[in-house]
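What follows is the residue order along each chain.
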Amino acid sequence: MRTVPATEKTVRRSALVASAVLLSTALTAPAALAAPKPTTSPSAAPPARMSVVGGERLGRPGTQVNLAAGVPVLPKELSARSWIVADAESGDVLAAHNAHWRLAPASTLKMLFADTLLPKWPRTTTHRVEPSDLADVGAGSSMVGVKEDETYSVHDLWLGVFLRSGNDAVHVLSAMNGGVEKTVEEMNEHAEELQALDTHAVSPDGYDAPGQVSSAYDLTLIARSGLQKKDFREYSSTVRAQFPGETKKNKKGKRVRGSFEIQNTNRLLSGDYDVPVYQGIAGVKNGNTTNAGATFTGVAERDGKVLLVTVMNPRKKESNEVYKETARLFDWGFAAAGKVEPVGELVPPRSVAQATAAPGPSASPGEAGGTGAGSKPVASAHTGGGADGMGVALGVAGGVVVLLVGGAFLVNRRWPLPDLVRRRPRP
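Read on for a plain summary of the structure. Note that the structure is predicted; figures quoted are calculated from it, not measured.

## Focus on the pattern of salt bridges
So, step 1. Going through the model one piece at a time under the given rule, you end up with 16 salt bridges.
So, step 2. For R267, the salt bridge is made with D272, and the minimal N-O distance between the two is 3.7 Å.
So, step 3. Through salt bridges with shared partners, one network takes in E77, E321 and R328.

Given below as structure tokens:
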């Protein structure tokens, strides 16, 4: 396979961002409202035409990958309806299969819930649970064990959301946020801001509901956004924790409140009888419902490379199949990274894409705690592959429009993944 020059990579990536800006604007027009309605009961075949956010090839049905000399062959035993492998830092999509197919997301939708609500309260904030907080939790929901008339910290509740996928914890946090309806509205607004345009939330917890959909591409975008938050990284990588129990009288008649252990249901993180802990795994979120089947988005690091993999609804119904297929795709991604030419890109949030498309010869440095960069001619543009998150500039239409890939969003792209998790060997 030929080596792609740095300038050619720059042009390709910047052109993708440029198209994302234009497409984002187009999708906000009234005509976009006439798009086909999503379905929670998809047919055996994906739609012939899907969204092209992130690149035209990502809108095609079937597997998209640029195989060439030196690029490893994709795993053969993949049965998922949809999957994607992406570089978490550069945003390159290394390979994908029906990336924009709108499917039921199950509890992976909790990533959007968390990314939307996490900044709202300090972790020490406490809340006494009212009966109304739990009134609308769906029958058969996964629960962490939240009890009425007990007080919990926000930290406790987020552990319940991430580790046990507790719908009870989700509904309590939603009540603190003004209710389920308001929370779902904010989640959909945030999805639009992230350009996760395949996603429509109906419930805050991912519980099956008509019209509730997402895609492998969107879930990966959402995870990438969430992982830039320290608390999100911490909660999604926690293997086990103590959760407050119910207040009861002991043998001496004194009211005491104990705790019990909860463990993360992400089997690549906690392991299972037929799934070993994946080397370098550091989150993110799993899910399983009747409509969605099994879904999972994971992030892992190896040799300085950070990858995101999303797998949705494997047709093969063996135990823990979603984790097994995810592990195979991680293995492929780490072997292919640096060798395979991308088939698309994870786009930045809409506000970043629009802000960095400002007219003029240069753009302002990023403000997210990193070092931004001014405009440079294409011939000498930085590739943006380092930890500094320096911007990449591309002159469009004779230099009238300048796109800085690496503003307030991507400037923090090298996240400090939890050391104790990322370096654990397979047991």
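Structure's up, so let's keep going.
## Brief notes about the nonpolar core
So, step 1. Membership of the largest hydrophobic core comes to 63 residues, with the highest contact counts inside it found for V93, V146, W158, F162, Y217 and F232.
So, step 2. Those residues in contact with F162 that sit more than four places away from it in its chain are A114, F232, Y235, S236, N264 and K285.
So, step 3. L94, V275, V311 and L329 belong to the second-largest nonpolar core, a separate cluster that totals 30 residues.

## Thoughts on the packing of aromatic side chains
Pairs of aromatic rings are described using the distance from one ring centre to the other and the angle between the two planes.
So, step 1. Counting across every chain of the model gives nine aromatic pairs.
So, step 2. Seen from their ring centres, F113 and W158 are 5.5 Å apart, and the 50 degrees between their planes marks the pair as tilted. One end of the pair, F113, is in helix α2 (residues 110-117); the other, W158, is in helix α3 (residues 154-164), with 45 residues separating them in the sequence. The two residues F113 and W158 agree in class, both being buried.
So, step 3. Measuring from centroid to centroid gives 5.7 Å for F243 and F260, while their planes differ by 55 degrees, and the two rings are tilted. One end of the pair, F243, is in strand β6 (residues 240-249); the other, F260, is in strand β7 (residues 255-263), and 17 residues separate them in sequence.
So, step 4. Classification of F243 as buried rests on a relative accessible area of 0%.
So, step 5. Under the relative-accessibility criterion, F260 is labelled partly exposed at 31%.
So, step 6. One aromatic cluster in this structure is built from F113, W158, F162, F232 and Y235.

## As for the packing of α2 against helix α5 (residues 180-193)
So, step 1. Where α2 contacts α5, the axes come no closer than 9 Å and their chain directions differ by 95 degrees. It follows from the interaxial angle that α2 and α5 lie roughly perpendicular. Residues L112, F113, D115, T116 and L117 of α2 touch α5, and the partners they reach there are T183, E186, M187, H190 and A191.

## Details of the environment of S174
So, step 1. For S174, the location among the structural elements is in helix α4 (residues 167-176).
So, step 2. We classify S174 as buried; its relative accessible area is 0%.
So, step 3. A C-alpha to C-alpha distance of 8.6 Å links S174 and L117, two positions 57 residues apart in sequence.
So, step 4. Excluding residues that lie within four positions of it along the chain, S174 makes contacts with F113, G179, V180, T183 and P204.

Criteria and cut-off values
- The residue count restarts for each chain, going from 1 along the sequence in the order it is written.
- Predicted model: local features are reported for residues with pLDDT of at least 70 only, side-chain atom pairs are reported and counted for 80 or more only, and whole-chain, interface and lining totals are derived from all residues.
- Excluded from the side-chain calculation are hydrogens and water; included are all heavy atoms of the structure.
- We define a salt bridge as a side-chain nitrogen of Lys or Arg found within 4 Å of a carboxyl oxygen belonging to Asp or Glu.
- Joining through side-chain atoms within 4.5 Å is the link that ties buried Ala, Val, Leu, Ile, Met, Phe, Trp, Tyr and Cys residues into a set, and such a set is a nonpolar core.
- Exposure is judged per residue with a 1.4 Å probe applied to protein chains only, and the accessible area is read against the type maximum: over 50% gives exposed, under 20% gives buried, and values in between give partly exposed.
- Contacts between residues were defined by any pair of non-hydrogen atoms, one from each residue, lying within 4.5 Å.
- The rule is short: rings of Phe, Tyr and Trp, with Trp giving its six-membered ring, pair when the centres are within 6.5 Å, and they are stacked under 30 degrees, edge-to-face over 60, tilted in between.
- Strands here are runs of E lasting at least two residues and helices are runs of H or I lasting at least four, both read from the DSSP assignment and numbered beginning at the N terminus.
- A fitted line through C-alpha atoms represents every axis, and for helices the fit uses only the stretch in contact; the resulting angles, taken between N-to-C directions, go from 0 to 180 degrees.
- Small angles under 35 degrees read as roughly parallel and large ones over 145 as roughly antiparallel, with 65 to 115 read as roughly perpendicular and the rest as oblique.

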